[in-house]
Amino acid sequence: MSQAIVSELREPLIDGGKTCAQVNDDVCGALEARPTVLWYAGFLIAASMLLTGVVTVTHQIWTGIGTWGLNRSVGWAFDITNFVFWVGIGHAGTLISAILFLFRQRWRTSVNRSAEAMTIFAVMCAGIFPLIHMGRPWLAYFCLPYPNTRGPLWVNFRSPLLWDVFAISTYFLVSLTFWFIGLLPDLASVRDRATGIRKWIFSVACLGWDGSNRTWSRYEKVYMLLAGLATPLVFSVHTIVSFDFATSVVPGWHTTIFPPYFVCGAIFSGFGMVLSLMLIARKTMRFESYITLRHIDAMCKITLLTSCIVGLAYFTELFTSWYSGNPYERFAFANRLFGPYGWTFGLMVLCNVLIPQLLWFPRLRRAPLFVFLLSIVVNIGMWFERFTIITVSLHRDFLPSSWTMYAPTWVELATLLGSFGLFFTCFFLFCRLLPMVAVSEVKGVLKYARRAEEVQHVH
């Protein structure tokens, strides 16, 4: 056995020789203490961004989507780019919670709760953009297949755009249920420490949790069933989102590689956002003992794997367009590389394929500052990937007479800023109001931490 594997086996999941009581004090005590200056500063910045977005979207709905930079050729741009980006961000939470739980990966215990919350907030941000893209969001209920008196007007079940409505709403509800069920033991822990109105609120929220053997048995069965239900959603949701493009005849979109390509890209961008949030929380909430270098290293390995898969997808797309002999496909990809938006393709490859290759070096995977900067680079690259797929494929289609350029207006930029404001405002409130580390699951891996510390002591 190599020295690297031996050292990894000896490394504890939780540092500091924590006891169950200390875990309660560290995680639940953070909710009882006064917020730090860093929390107030971050929350005010996020709330300001959210307010900017609310004002901008209100102006846009009042005035109309003519405030955007769309034209006859580019009918999808910033709004759908942001929609696909935020849906992708939401995939890592379910992957960490459900799939890694089914595979009994113990390192997930310190990061799964925050990743699940990130999933819910990201899907909320994603849902905004199709609504405002409609131009008349108050008519969104037209997408619901319910008995109505509108005569022949009925939803088109053959449209992937309608599949999005069902897939994302199902994903949101299952993820929310999975997150809430996982919270129940920790809500009871906070209840037992709280007083006054907080005790009453958490008593209602934990649904009468009493910690008995029967309660734990039923909880574990329900959690396992929800994990099994959520797992196929990780693959189905972004597969269906990819059908928005793959079922069209637009050159650059009409390709069967999109479903697996979109799923891997979503996990890639989701882990990038998880790393960003976890490293911030690790420092500001003083959770270095719970979010250890081993957790960061494990997440970096998955990020590296998905980066390689995304790079393979880029190469496969280019090869397929050349090998097909289709002049429209060849031109679409030549335009991506060498056209007026060629810089977006270069930035996409640099951020998503080339820079993440540095994660092959174990020392860099365990450097929190480097990993934090890399996670930001990954999300920048993944946003530009969606922009390249959507906008660059549309601005030059079959007819040269319809070729045009697209540039976002201040309304679109402010709406994107507002979506980040909504995401981070929700996350700051979550950190303040609910346990961001799964106390009950961390307690379950303490024995492995003690074994690792004993091994370290012996050696």
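Shown above is the structure to which this text applies.
One structure accompanies this document, and this report is about it.

Conventions used here
- Residues numbered from 1 in each chain as written.
- Predicted model: local features only at pLDDT ≥ 70, side-chain atom pairs only at ≥ 80, totals over all residues.
- Heavy atoms only, no water.
- Helix = DSSP H or I, 4+ residues; strand = E, 2+ residues; numbered from the N terminus.
- Rg over C-alpha atoms; globule rule 2.2 N^0.38 Å.
- Contact = heavy atoms within 4.5 Å.
- Areas by Shrake-Rupley, 256 points an atom, 1.4 Å probe, with all protein chains shown as cover.
- Lys, Arg positive; Asp, Glu negative; His and termini not counted.
- Charge placed at Lys NZ, Arg CZ, Asp CG, Glu CD.
- 1 Å grid on protein atoms, 1.4 Å probe; cavity = no way out; pocket = protein on both sides within 12 Å on 5 of 7 lines; lining within 4 Å.
- Points joined across faces, edges and corners; volume = space filled by probe spheres on them.
- Nonpolar A, V, L, I, M, F, W, Y, C, P; charged D, E, K, R; others polar.
- Buried < 20%, exposed > 50% of the residue type's maximum accessible area, 1.4 Å probe, protein only.
- Polar contact = N/O pair within 3.5 Å; in protein donor to acceptor, adjacent residues only side chain to side chain.
- Axes fitted to C-alpha atoms, helices over the stretch in contact; angles between N-to-C directions.
- Parallel < 35°, antiparallel > 145°, perpendicular 65-115°, else oblique.
- Left-handed = near helix turned anticlockwise from the far one by under 90°.
- Salt bridge = Lys/Arg side-chain N within 4 Å of Asp/Glu carboxyl O.
- Patch = residues over 30% accessible without salt bridge, like charges linked within 9 Å, V, L, I, M, F, W, Y side chains within 5 Å.

**A closer look at the overall build of the protein**
On a plain count of helices and strands, the protein comes out with 18 helices and zero strands. On C-alpha atoms alone, the protein measures out to a radius of gyration of 23 Å, which is about the 23 Å that the 2.2 N^0.38 rule sets for 459 residues. Over its C-alpha atoms, taken along the principal directions, the protein stretches across nearly 75 × 60 × 40 Å. Within the protein, counting contacts between residues at least 6 apart in sequence, those at least 24 apart form 82% of the total. With the model as given, the accessible surface of the protein reaches about 21,300 Å², and the carbon-plus-sulfur share is 70%. Separation of charge centres in the protein, based on 35 positive and 24 negative side chains, amounts to 2 Å.

**Some points on the layout of surface pockets**
By volume, the largest pocket amounts to about 870 Å³. The wall of the largest pocket is formed by 29 residues, among which P130, M134, C143, L161 and V165 lie closest to the centre. Mapped onto the lining of the largest pocket, the elements with two or more residues apiece are α4 (78-89), α6 (112-133) and α7 (160-193). Taken together, the residues of the lining of the largest pocket sort by class into 21 nonpolar, five polar and three charged.

**What about unusual backbone geometry?**
The phi dihedral of R104 falls on the positive side, at around 60°, and the residue is not glycine. Examined against the element boundaries, R104 turns out to sit in the loop between α5 (91-102) and α6.

**Quick look at the side chain of N335**
Secondary-structure assignment places N335 in helix α12 (residues 327-338). Residue N335 is classed as buried on the basis of its relative accessible area, which comes to 3%. Every residue in contact with N335, bar those within four places of it in the chain, is listed here: P340, V392, H395 and R396.

**Section: the side chain of H295**
Among the structural elements, H295 can be located in helix α11 (residues 293-324). From its side chain, H295 meets the backbone oxygen of W107 in a polar contact 3.1 Å long. A polar contact is formed between the side chain of H295 and the side chain of T292, at a distance of 2.9 Å. Beyond its immediate chain neighbours, meaning those up to four positions away, H295 contacts L13, W107, S110 and Y290.

**Some points on the packing of α4 against α6**
Following both chains from N to C, one finds α4 and α6 inclined at 160°, their axes separated by 8 Å at the closest point. With respect to their mutual orientation, α4 and α6 come out roughly antiparallel. As α4 runs across α6, the sense of the crossing is left-handed. Along its contact with α4, which presents D79, I80, N82, F83, W86, V87 and I89, the element α6 presents M118, A122, C125, A126, F129, P130 and H133. Its residues assigned to classes, the contact of α4 with α6 comprises 11 nonpolar, two polar and one charged.

**Some words on the pattern of salt bridges**
What the rule picks out here adds up to eight salt bridges. Residue D186 is joined to R113 by a salt bridge in which the shortest nitrogen-to-oxygen separation is 2.8 Å. Pair noted here: D186 is in helix α7 and R113 is in helix α6, with a separation of 73 residues, a long-range link. In this pair, the class of D186 matches that of R113, namely buried. Linking R365 and D297 is a salt bridge whose minimum nitrogen-to-oxygen distance equals 2.7 Å. Of the two residues, R365 is situated in helix α14 (residues 362-365) and D297 in helix α11; the sequence distance between them amounts to 68 residues. Side by side, R365 and D297 carry an identical accessibility label, which is buried. A single network of salt bridges, built from pairs that share partners, joins D297, K301, R365 and R366.

**Side note on a nonpolar patch on the surface**
Nonpolar side chains collect at one region of the surface, where L312, F315, F319, W322 and Y323 lie side by side and expose about 640 Å² of accessible area between them. Tracing the backbone shows F319 in helix α11. Among the residues examined, F319 registers a relative accessible area of 39% and is labelled partly exposed.

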